[in-house]
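Residue-level listing of the chains:
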Amino acid sequence: EDQVTQSPEALRLQEGESSSLNCSYTVSGLRGLFWYRQDPGKGPEFLFTLYSAGEEKEKERLKATLTKKESFLHITAPKPEDSATYLCAVPNQAGTALIFGKGTTLSVSS
Amino acid sequence: DTAVSQTPKYLVTQMGNDKSIKCEQNLGHDTMYWYKQDSKKFLKIMFSYNNKELIINETVPNRFSPKSPDKAHLNLHINSLELGDSAVYFCASSHHPGGSTDTQYFGPGTRLTVL
């Protein structure tokens with residue numbers, strides 16, 4: 001069964017304390033891995049798409065990387081405004097829908 | 001301009017009632033989706049529509065029926081509401097089905113509370 005697992009479930013950081021979020025997947029024939037950010041009371045907001053192992057993408061303090069089994073979202077010197085739930089998703093094997101992980105809720109305190 | 005919009009933002013209703021949630025996208029996308037996010041924040045696909053044709057339906061009770069009057073709109077009608085239907089419902093859209101190479105863009109969500 002296609003699955004996406006994110007860890008940790010929750011992460012608390014001090015401002016400036018860098019860390020990484022993990023997303024592992026079991027779908028075969030990966031056709032893309034998506035990262036979204038979701039703020040409380042809002043819809044998921046697209047961040048990155050990664051297509052092949054070794055690929056990296058950056059946006060401000062965020063960098064996403066992809067291997068054959070997992071993806072990491074690295075957060076460098078986070079700020080309180082980076083606090084949100086980060087979701088990753090992959091297309092199912094049939095290519096008809098996205099399968100989401102349960103997300104990592106990040107809290108950054110000043 | 002809001003790319004994907006939903007109405008209403010909040011919906012509180014009694015068990016057994018019938019209700020609808022509306023979704024509109026102005027991105028010119030061909031495919032629209034409905035997702036359900038439960039109390040544990042788990043986001044799960046319910047339906048997708050491509051050019052007015054239902055292309056997936058993931059073990060959703062038939063009390064839920066998506067209706068698409070045109071490519072820019074996908075409404076969700078729910079009959080005989082149950083307590084377990086309480087959740088946040090998100091509409092999304094993309095150029096092509098499944099989002100395999102396409103980004104899906106999400107609406108702001110509708111929080112449904114069934115009493």
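Residues numbered from 1 in each chain as written. Chains lettered and ligands numbered in written order. Predicted model: local features only at pLDDT ≥ 70, side-chain atom pairs only at ≥ 80, totals over all residues. Heavy atoms only, no water.

1. Remarks on the overall build of chain A
So, point 1. Scanning chain A from N- to C-terminus turns up 0 helices and 11 strands.
So, point 2. Starting at the N terminus and ending at the C terminus, chain A contains elements arranged as β-β-β-β-β-β-β-β-β-β-β.
So, point 3. Over its C-alpha atoms, taken along the principal directions, chain A stretches across nearly 45 × 30 × 20 Å.
So, point 4. Of all intrachain contacts in chain A linking residues separated by at least 6 positions in sequence, the fraction that spans at least 24 positions is 54%.
So, point 5. As displayed, chain A has an accessible area near 5300 Å², and 46% of this comes from carbon and sulfur atoms.
So, point 6. Separation between the mean location of the 12 positive side-chain charges and that of the 14 negative ones in chain A comes to 3 Å. (Helix = DSSP H or I, 4+ residues; strand = E, 2+ residues; numbered from the N terminus. Contact = heavy atoms within 4.5 Å. Areas by Shrake-Rupley, 256 points an atom, 1.4 Å probe, with all protein chains shown as cover. Lys, Arg positive; Asp, Glu negative; His and termini not counted. Charge placed at Lys NZ, Arg CZ, Asp CG, Glu CD.)

2. A word on the interface of chain B and chain A
One widely used convention gives an interface's size as the accessible area the parts lose upon coming together.
So, point 1. Taken together, the contact pairs 22 residues of chain B with 22 residues of chain A.
So, point 2. Buried surface at the junction of chain B and chain A, summed over both partners, amounts to about 1600 Å²; 58% is from carbon and sulfur atoms.
So, point 3. Joining chain B to chain A, the criterion identifies 0 salt bridges.
So, point 4. At the boundary of chain B and chain A, one finds 3 residue pairs in polar contact (both at pLDDT 80 or more).
So, point 5. Listing elements by their share of the side of chain B that touches chain A, those giving two or more residues are β4 (31–37) and β5 (43–50) of chain B.
So, point 6. Examining the composition of the side of chain B that touches chain A, we find that 3 residues originate from one element, β5(B), more than from any other.
So, point 7. Of the residues in the side of chain B that touches chain A, the class split is 9 nonpolar, 9 polar and 4 charged. (Buried area = accessible area lost by both parts, 1.4 Å probe. Salt bridge = Lys/Arg side-chain N within 4 Å of Asp/Glu carboxyl O. Polar contact = N/O pair within 3.5 Å; in protein donor to acceptor, adjacent residues only side chain to side chain. Nonpolar A, V, L, I, M, F, W, Y, C, P; charged D, E, K, R; others polar.)

3. A closer look at the environment of A:Glu56
All names here are of chain A.
So, point 1. For Glu-56, the position within the fold is in strand β6 (residues 56–59).
So, point 2. The spatial distance from the C-alpha of Glu-56 to the C-alpha of Val-27 is 20 Å, given a sequence separation of 29 residues.
So, point 3. Aside from chain neighbours lying at most four places away, what touches Glu-56 is Leu-50, Lys-63, Ala-64 and Thr-65.

4. Comments concerning the sheet that holds strand β1 (residues 4–7) of chain A
Residues and elements named next belong to chain A.
So, point 1. With respect to topology, 5 strands assemble into an open sheet ordered β1-β3-β8-β7-β6, the strand pairing being antiparallel. Edge positions in the sheet fall to β1 and β6, since each of these pairs with one other strand and no more. Adjacent strand axes in the sheet meet at a mean angle of 15°, parallel and antiparallel pairs treated alike.
So, point 2. Pairing geometry for β1 and strand β3 (residues 19–25), over 4 bridges, is antiparallel. Along β3, the bridge assignment pairs Thr-5 with Ser-24. (Pairing = 2+ DSSP bridges. Axes fitted to C-alpha atoms, helices over the stretch in contact; angles between N-to-C directions.)

5. Digging into the sheet that holds strand β7 (residues 64–70) of chain B
All names here are of chain B.
So, point 1. The strand order across the open sheet built from 4 strands is β1-β3-β8-β7, with neighbouring strands paired in antiparallel fashion. Each end of this open sheet is capped by a strand with a single partner; those strands are β1 (4–7) and β7. Across the sheet, the mean angle from the axis of one strand to that of its neighbour is 20°, orientation sign disregarded.
So, point 2. Where β1 meets strand β3 (residues 19–25), 4 bridges bridge the pair, whose relative direction is antiparallel. By the bridge assignment for β3, Gln-6 is matched with Cys-23.

6. Brief notes about the state of the cysteines
So, point 1. Scanning the model with the defined rule gives 2 disulfides over all chains in all.
So, point 2. Between A:Cys23 and A:Cys88 runs a disulfide, and the two sulfur atoms are separated by 1.8 Å. With the S-S dihedral at roughly 65°, the linkage between A:Cys23 and A:Cys88 falls on the right-handed side. Of this pair, A:Cys23 sits in strand β3 while A:Cys88 is found in strand β9 (residues 84–91), placing the two residues 65 residues apart along the sequence. When sorted by exposure, A:Cys23 lands in the same class as A:Cys88, which is buried.
So, point 3. Bridging B:Cys23 to B:Cys91, the disulfide has an S-S length of 1.8 Å. Classification of the bridge connecting B:Cys23 and B:Cys91 rests on its S-S torsion, roughly -75°, and on that basis the disulfide is left-handed. Here B:Cys23, found in strand β3, pairs with B:Cys91, found in strand β9 (residues 87–94); they are 68 residues apart in sequence, far enough to count as distant. Residues B:Cys23 and B:Cys91 agree in their burial class; the two are buried. (Disulfide = S-S within 2.5 Å. Buried < 20%, exposed > 50% of the residue type's maximum accessible area, 1.4 Å probe, protein only.)

In short, geometric facts, not functional conclusions.
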